[in-house]
Amino acid sequence: MSNTRALIDLGRLQANAAAFMAASPEGLDLMAVVKANAYGHGATACARALRDVGATAFAVATLAEAEHLRRAQIDEPILVFAPPLPDQLPAFQELSLDVSITNLDLLASISSGFPDLLRRGHIKFDTGMARVGLQPGEVGAMADILRKSGVDPKAFWTHLAFSANRPDHQTREQVAVFRSCLAECGVAAPAVHLLNTGGFLHHPELRCEYEGQSFSRIGIGLYGVAHTENAPDPPLQPVMKVVSRILQVKTVPKGAGVSYGHTWHAPTDRWIATVGAGYADGVPRLLSNRGWVGHEESGDHYPIVGNVCMDMFMIDLGPTDRVREAPTIRVGDEVVLVGDGGPDARAVAAWAETIAYEVCTGISPRVERHYVNPDVVY
């Protein structure tokens, strides 16, 4: 019933996952990142589809996201990136979640009160992100707590701050700090992980860094929204396509202002169409007077004119002296806001002065998700 829909191709999602796994050495398992509702694509459906092609673990950002997956019968290990607050530890234990341990106080609390949870603990070192994680100077104290507990954690890990750009000295420095932390702690863990999508694509030499005991944490790459340099073969494919419908087609005279504030005026008599989506659906307001949408039937592109409103925006179909009769586009037609037949997420992000991650995750809950590949059971 919605004017605006996000079409999610689970077959493409599975193909992207298969490409990453094919490029992985033996022992480098896929931890599929499905946080933020699978980057806007739908966490439950995506997790089920990824599980079917061999993802052995999942990662989310919050306890609530993990609980959602457990209620959907996703029984594989789930790592929650955000460290738990003290009152959340019982829920982590009840749901059998993997926990990020990022500071000494949290480690001490878990080791003394939740030893089973410590066995699912992923101890994170802050090697240069300055977000969460144990500092290199705290490694000795961490090792003391672990030795006293008599329990080994499940994993050690870190997060790369520059990997999405290209091979760089900052990533090499972070890897060196990570290696130093592992060597100093003198404590073994079954798994080690540091590769996100950017690290996997731009630093292929790190895929074998801890052969036989590693995960790659692939997020944005699974959804086909990633830098193309060093991309796996076959190439990644975008999984999401966002479409909306034309609500009205009309003419406006030369000089007429369009939308709030009249930031665009018709240079000649024009055909104007109104699209049934706006910034409440995830169309960035910064696309006003700078973005375009695609019309697959005709292959035409139409610029966005005037300010994007909360629920609608307008597009310029061209001058009336060129299209004297009604234009090709009609009321009820679909136009492509993001994806095949329209601009890709990175183009939209450039217009909106942001990144493609924000474009995907910004598609709002009122936009219905439709899963379009009939061969995938979700």
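Residues numbered from 1 in each chain as written. Predicted model: local features only at pLDDT ≥ 70, side-chain atom pairs only at ≥ 80, totals over all residues. Heavy atoms only, no water.

Undergrad: Report on the overall build of the protein, specifying residues and quantitative values.
TA: Of the regular secondary structure elements, the protein holds 12 helices and 18 strands. Here the protein, with 378 residues, has 53% of them falling under the buried criterion. Sequence separation of at least 24 residues holds for 68% of the intrachain contacts in the protein that already meet a minimum separation of 6. Just so you have it, the protein exposes about 16,400 Å², and 51% of that area is on carbon and sulfur atoms. (Helix = DSSP H or I, 4+ residues; strand = E, 2+ residues; numbered from the N terminus. Buried < 20%, exposed > 50% of the residue type's maximum accessible area, 1.4 Å probe, protein only. Contact = heavy atoms within 4.5 Å. Areas by Shrake-Rupley, 256 points an atom, 1.4 Å probe, with all protein chains shown as cover.)

Undergrad: Which residues make up the nonpolar core, and what are the values?
TA: With 110 residues, the main nonpolar core has Phe-125, Met-142, Phe-156, Leu-222, Phe-313, Ile-315 and Leu-337 as its most contacted residues. Sorting elements by how many residues they give to this core places helix 3 (residues 43-52) first, with six residues. With near-sequence residues (within four places) excluded, Ile-315 lies in contact with Ile-246, Trp-271, Ile-272, Ala-273, Val-275, Val-293, Tyr-302, Pro-303, Ile-304, Val-305 and Ile-329. One finds Val-252, Ala-256, Val-305 and Met-314 within the second-largest nonpolar core, a separate group that totals eight residues. (Core = buried A, V, L, I, M, F, W, Y, C linked by side-chain atoms within 4.5 Å.)

Undergrad: Let's hear about the layout of surface pockets: which residues, and what values?
TA: By volume, the largest pocket amounts to about 780 Å³. Taken together, 38 residues line the largest pocket, and the ones lying closest to its centre are Lys-35, Tyr-39, His-159, Asn-196 and Tyr-357. Those elements that place two or more of their residues in the lining of the largest pocket are helix 2 (35-39), helix 10 (197-202), strand 9 (214-218), helix 11 (345-351) and helix 12 (356-361). Among the elements that take part in the lining of the largest pocket, helix 10 stands out by supplying four residues, more than any other. Taken together, the residues of the lining of the largest pocket sort by class into 23 nonpolar, 10 polar and five charged. (1 Å grid on protein atoms, 1.4 Å probe; cavity = no way out; pocket = protein on both sides within 12 Å on 5 of 7 lines; lining within 4 Å. Points joined across faces, edges and corners; volume = space filled by probe spheres on them. Nonpolar A, V, L, I, M, F, W, Y, C, P; charged D, E, K, R; others polar.)

Undergrad: Before we move on, can you summarise the packing of aromatic side chains with the specific residues and values?
TA: Geometry of an aromatic ring pair is reported as the spacing of the ring centres plus the angle between the planes. All told, the structure shown has eight aromatic pairs when counted by the stated rule. A cation sits over an aromatic face here: Lys-124 above Trp-157, 4.4 Å from the ring centre. (Phe/Tyr/Trp six-rings, centres within 6.5 Å; stacked < 30°, edge-to-face > 60°. Lys NZ or Arg CZ within 6 Å of the ring centre and 35° of its normal.)

Undergrad: Could you give an account of helix 1 (residues 10-22), naming the residues involved and the relevant values?
TA: Spanning 13 residues, helix 1 covers 18 Å between terminal C-alpha atoms, matching the ideal 18 Å at 1.5 Å per step. The complete set of buried residues in helix 1 reads Leu-10, Gly-11, Leu-13, Gln-14, Asn-16, Ala-17, Ala-19 and Phe-20. Structurally, the start of helix 1 carries an N-cap: the backbone nitrogen of Gly-11 is 3.0 Å from a side-chain oxygen of Asp-9. (Expected span 1.5 Å × (residues − 1). Polar contact = N/O pair within 3.5 Å; in protein donor to acceptor, adjacent residues only side chain to side chain.)

Undergrad: Give me the lowdown on the side chain of His-41, citing residues and values where you can.
TA: Note on placement: His-41 falls in the loop between helix 2 and helix 3. The contact partners of His-41, leaving out residues within four places of it in the chain, are Ile-8, Cys-46, Tyr-223, Val-239, Met-240, Cys-360, Arg-369 and Tyr-371.

Undergrad: I'd like to hear about the sheet that holds strand 5 (residues 98-101), residue by residue, with values.
TA: Taken together, eight strands build a closed barrel; the order of strands is 2-3-4-5-6-7-8-9 and the barrel is parallel. Across this sheet, the average inter-strand angle for adjacent strands is 30°, counted without regard to direction. With two bridges connecting them, strand 4 (residues 78-80) and strand 5 associate as parallel partners. Residue pairing for strand 5: Val-80 is matched across the bridge by Val-99. Running at roughly 140° to strand 5, helix 6 (residues 104-113) makes contact with strand 5 and strand 6 (121-124) of the sheet. (Pairing = 2+ DSSP bridges. Axes fitted to C-alpha atoms, helices over the stretch in contact; angles between N-to-C directions.)

Undergrad: Please provide a residue-by-residue account of the packing of helix 1 against helix 3, values included.
TA: Packing of helix 1 against helix 3 brings their axes to within 9 Å, and their N-to-C directions diverge by 50°. Considering their axes alone, helix 1 and helix 3 lie oblique with respect to each other. In terms of crossing hand, the pair formed by helix 1 and helix 3 is right-handed. For the pair helix 1 and helix 3, contact is made by Leu-10, Leu-13, Gln-14 and Ala-17 and by Ala-45, Cys-46, Ala-49, Leu-50 and Asp-52, respectively. Counted by class, the contact of helix 1 with helix 3 contains seven nonpolar, one polar and one charged residues. (Parallel < 35°, antiparallel > 145°, perpendicular 65-115°, else oblique. Left-handed = near helix turned anticlockwise from the far one by under 90°.)

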